[in-house]
Amino acid sequence: MHKKPIYKMPITEGSPLHSETIERLLTSYKIMPGGLLPLLHAIQSEIGYIPKTSVSSIARGLNLSRADVHGVISFYHDFKTQPVGRHRVQICRAEACQSMGSRQLEEHAHRTLAIDYHQTTADGQITLEPVYCLGNCACSPSVRIDDDVYARVDTQRFDTLIAALTSTQ
Amino acid sequence: MRRFYIPQDTTALALGADAVATALCALGIEPIRNGSRGLFWLEPLLEIDSVAGRIGFGPVGAKDIKSILEALDSNPSEHPLFLGAVNEIPYLKSQQRLTYARAGLGDPVCLDTYRQLKGFIGLENALAMSPQQIVDEVAQSGLRGRGGAAFPAGIKWQTVLDAPANDTSSAPHKGQKYIVCNADEGDSGTFADRLVMEADPYQLIEGMAIAGLAVGATQGYIYLRSEYPVAYRLLNTAIQRAQQANLLGHNIAGSNKDFHLEVRLGAGAYICGEETSLLESLEGKRGMVRAKPPLPAIEGLFGQPTVVNNVLTLAAVSSILERGAAAYKNYGMGRSRGTLAIQLGGNIKRGGLIELAFGVTLREIIEEYGQGTYSGLPVRAIQVGGPLGAFLPEAQWDTPLDYEAFSAIGAMIGHGGIVVFDDSADMAAQARFAMEFCVAESCGKCTPCRIGAVRGVEVIDRILANENREENVILLHDLCDTMELGSLCAMGGLTPYPVRSALTHFPTDFNRR
Ligand SMILES: Cc1cc2nc3c(=O)[nH]c(=O)nc-3n(C[C@H](O)[C@H](O)[C@H](O)COP(=O)(O)O)c2cc1C
Ligand code: FES
């Protein structure tokens, strides 16, 4: 993971660029014991998601069945099989944040961004996701935007953070 | 020249520490980016070396820098954010810090700082001992696993030491044993592992190397949750520097012993904190819980004998080997020895990391350290031990923090997280959430957990809608029994605890027509 991940704009599924990336990453990860998760993280960090068309190359490269690879991708909340927004905004839904009003914050986020969880705003800027604890529970509610965590996020601070994202692109 | 410190841990950053650092840099002052002391209610906490020791200002924003610098040249104590000597702040001074003794003192990834603060003495001692002697030392300290189950670390290590590695498996696992650090820290209200990794990562690295020497494992993995990007960066830097300094890798410190260490990222699955699910995940599979036996100590990662320990357990090992088992065992009560990393969070005025010997009561923590709720409303309920822990009403707040005392009241200390809820909390909504969380995070392998939780949400909804209330309450209790007794692991097995405690202690919340 890099400090500032660049959620690259989607390229068409199965594009030659994708297969090049995946082949390159496969060479470095296939020798790693238990390397499937690190490989999937690497693919996602470069491409932004894990293209469905890559499943068979991954399976071939790691000597697994396609069902195995698909099973792993679908098990973990982190892995996406669809292009996502330029920024990932995660709202903490866990108890400490609930005790400080994260339920209201969630409602506010859904309303102002006009999306539900796991959806992307129409302009492709923001994908909204739930997260269960960011380890910032002494200063809740917490929100993570890409790789930065923000503390004490009330609705006003949320709006400011979102405005800053959309203005800097 | 004055030295300035401004933390780089997640919470300090989340509260604007980078902006403070930038403001200092703009004035030609390059601050040391230390780890946090864990006094999160004071973050960003700016510290400055002075003749009288380290003095602090907090919480500091970029806009305060100018006036603080002016105050430093005249009378610092007149500045409204002045905190005096940081070591004298009662919240910190009254703690019994072993694991967090170094937290916040310096740059967490600076090896020289770590050495100056008594780092690597435990490893040096261990290098002069036999594996059995190291295991004995850990056993004698009374250290119990800090990940939740409180299993004696010495017994686990002895099992791995005694278990022969399987020689028939294929390379690179042939003849190998493993040390796996559980850094999945999924419980809401917990950040103790994170603080070790972000404020004192070498302590964990040292503890893991000692574990490797103790059981004969030459490969270690830290399974870190992906929700902790700052810890990921700092751990990797620390590991790289430890390798360069020959404290990790081949022939560590010229001892002829090897220990390799790697961080692996989780992928957002709470269940992967459960040790067998974690091992599956490390092997690159779905995080499905394994049936036990075989214990991971005998057939763990890639089928080989494996120590799986929490971050805090492994970190404590470096103090135990540094100061000796007896010194560690002196802290605590009953069978709960040493110190507990209490994590105070939720609706609380002064949240943070409080390291104390076992035995302190919840009330002392909430009232004396926490100073009541953040909202100013009275405290209503306290959840201890993460999402699978019970909600405790006021009548139970005088229970001492001790594993046995907590299990006697149907609660658990778990990983030491304490989440405070004020008067406005709806405990029926919290009970429903406990079931909802289990639906979202169950690995799906066993029915009581996978289906039980779905039914649990439905039954609670019916109770709240006042549909056959009495029958449905009985049904909910039955369902809780089934989940507790029939689940493969503690995910389904403990979800009933928050639910039942909410029902028992806060029944009126379920009775709103
Ligand atoms: C659902 C579930 C989640 C768990 N999550 C964690 C976790 O995040 N971190 C952890 O150290 N232990 C966790 N545990 C406990 C581990 O299974 C295991 O007991 C622990 O890693 C052993 O290390 P210790 O003896 O040092 O505590 C969890 C257990 C269950 C059932
Ligand atoms: S519960 Fe939200 S950060 Fe921990």
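A quick note: this is a predicted structure, and the numbers were derived from the prediction, not measured.

**Details of the nonpolar core**
Here is step 1 of the chain: Residues I58(A), Y76(A), W157(B), L204(B), I222(B), L224(B) and M435(B) are the most contacted members of the largest nonpolar core, which totals 156 residues.
Here is step 2 of the chain: Of all the elements, helix α10 (residues 201-215) of chain B adds the most residues to this core, at 10 residues.
Here is step 3 of the chain: By size, the runner-up hydrophobic cluster in this structure holds 34 residues, among which are I354(B), F358(B), V379(B) and L392(B).

**Thoughts on the confidence of the model for chain A**
Here is step 1 of the chain: Confidence in the prediction for chain A averages 91 pLDDT; 91% of positions are at 70 or higher.
Here is step 2 of the chain: This model gives residues 1-9 of chain A a pLDDT under 50, and the stretch forms 24 contacts once residues within four places in sequence are excluded.

**Some details on the site of ligand 1**
Residue and element names in this part refer to chain B.
Here is step 1 of the chain: G147, N182, N309, N310 and T313 are the nearest of the 19 residues found near ligand 1.
Here is step 2 of the chain: Within the side chain of K156, an N or O atom sits 3.1 Å from an oxygen atom of ligand 1.
Here is step 3 of the chain: Here ligand 1 has 620 Å² of accessible area as a free molecule, and 91% of this is covered by the chains.
Here is step 4 of the chain: Listing elements by their share of the shell around ligand 1, those giving two or more residues are β8 (306-310) and α20 (490-494).
Here is step 5 of the chain: Within the shell around ligand 1, the residues separate by chemical class into 5 nonpolar, 8 polar and 6 charged.

**A few points about helix α11 (residues 229-244) of chain B**
Side chains of residues three or four places apart in an α-helix project in the same direction, reflecting 3.6 residues per turn.
Here is step 1 of the chain: Given a rise of 1.5 Å per residue, 16 residues ought to cover 22 Å, and the 23 Å separating the end C-alpha atoms of α11(B) matches this to within 8%.
Here is step 2 of the chain: Of all the positions in α11(B), only P229(B), V230(B), A231(B), Y232(B), L234(B), L235(B), A238(B), I239(B) and A242(B) are classed as buried.

**A few points about the domain arrangement of chain B**
Residue and element names in this part refer to chain B.
Here is step 1 of the chain: Each assigned domain of chain B is listed with its residue range as follows: domain 1 (3-87), domain 2 (111-329), domain 3 (332-422) and domain 4 (427-511).
Here is step 2 of the chain: Computed over C-alpha atoms, the centres of domain 1 and domain 2 are 34 Å apart.
Here is step 3 of the chain: Tallying the contact residues gives 9 residues for domain 1 and 8 residues for domain 2.
Here is step 4 of the chain: Together domain 1 and domain 2 conceal approximately 630 Å² of surface at their shared face, both sides included; 60% is due to carbon and sulfur atoms.
Here is step 5 of the chain: Together, Q8, T10 and F40 form the three largest contributors to the area buried by domain 1 at its contact with domain 2, with a combined 57%.
Here is step 6 of the chain: Along the contact surface separating domain 1 from domain 2 lie 1 salt bridge.
Here is step 7 of the chain: Close ionic contact of R194 with D9 constitutes a salt bridge, the shortest N to O distance being 2.9 Å.

**Points about the interface of chain B and chain A**
Here is step 1 of the chain: Residue-level contacts link 62 residues of chain B with 41 residues of chain A.
Here is step 2 of the chain: Summed over both sides, the interface of chain B with chain A buries roughly 4000 Å², with 58% coming from carbon and sulfur.
Here is step 3 of the chain: Summed over the shared surface of chain B and chain A, the number is 1 salt bridge.
Here is step 4 of the chain: R93(A) serves as the salt-bridge partner of E436(B), at 3.2 Å between the closest nitrogen and oxygen.

**Some remarks on the sheet that holds strand β14 (residues 391-392) of chain B**
Strand pairs in the sheet, formed through backbone hydrogen bonds, run parallel or antiparallel to each other.
All names here are of chain B.
Here is step 1 of the chain: Spatial strand order, β12-β11-β15-β13-β14: 5 strands in an open sheet with mixed pairing. The two strands at the open ends of the sheet, each matched to only one other strand, are β12 (352-357) and β14.
Here is step 2 of the chain: As defined by bridge partners, strand β11 (residues 339-346) adjoins strand β15 (residues 417-422) across 4 bridges and the pair is classed as parallel. Among the inter-strand pairings, G346 is bridged to a residue of β15, identified as V420.

Definitions and cut-offs
Residues numbered from 1 in each chain as written. Chains lettered and ligands numbered in written order. Predicted model: local features only at pLDDT ≥ 70, side-chain atom pairs only at ≥ 80, totals over all residues. Heavy atoms only, no water. Core = buried A, V, L, I, M, F, W, Y, C linked by side-chain atoms within 4.5 Å. Buried < 20%, exposed > 50% of the residue type's maximum accessible area, 1.4 Å probe, protein only. Helix = DSSP H or I, 4+ residues; strand = E, 2+ residues; numbered from the N terminus. pLDDT = per-residue confidence, 0-100. Contact = heavy atoms within 4.5 Å. Near = heavy atom within 4 Å. Polar contact = N/O pair within 3.5 Å; in protein donor to acceptor, adjacent residues only side chain to side chain. Areas by Shrake-Rupley, 256 points an atom, 1.4 Å probe, with all protein chains shown as cover. Nonpolar A, V, L, I, M, F, W, Y, C, P; charged D, E, K, R; others polar. Expected span 1.5 Å × (residues − 1). Domains from an automatic or database assignment. Buried area = accessible area lost by both parts, 1.4 Å probe. Salt bridge = Lys/Arg side-chain N within 4 Å of Asp/Glu carboxyl O. Pairing = 2+ DSSP bridges.

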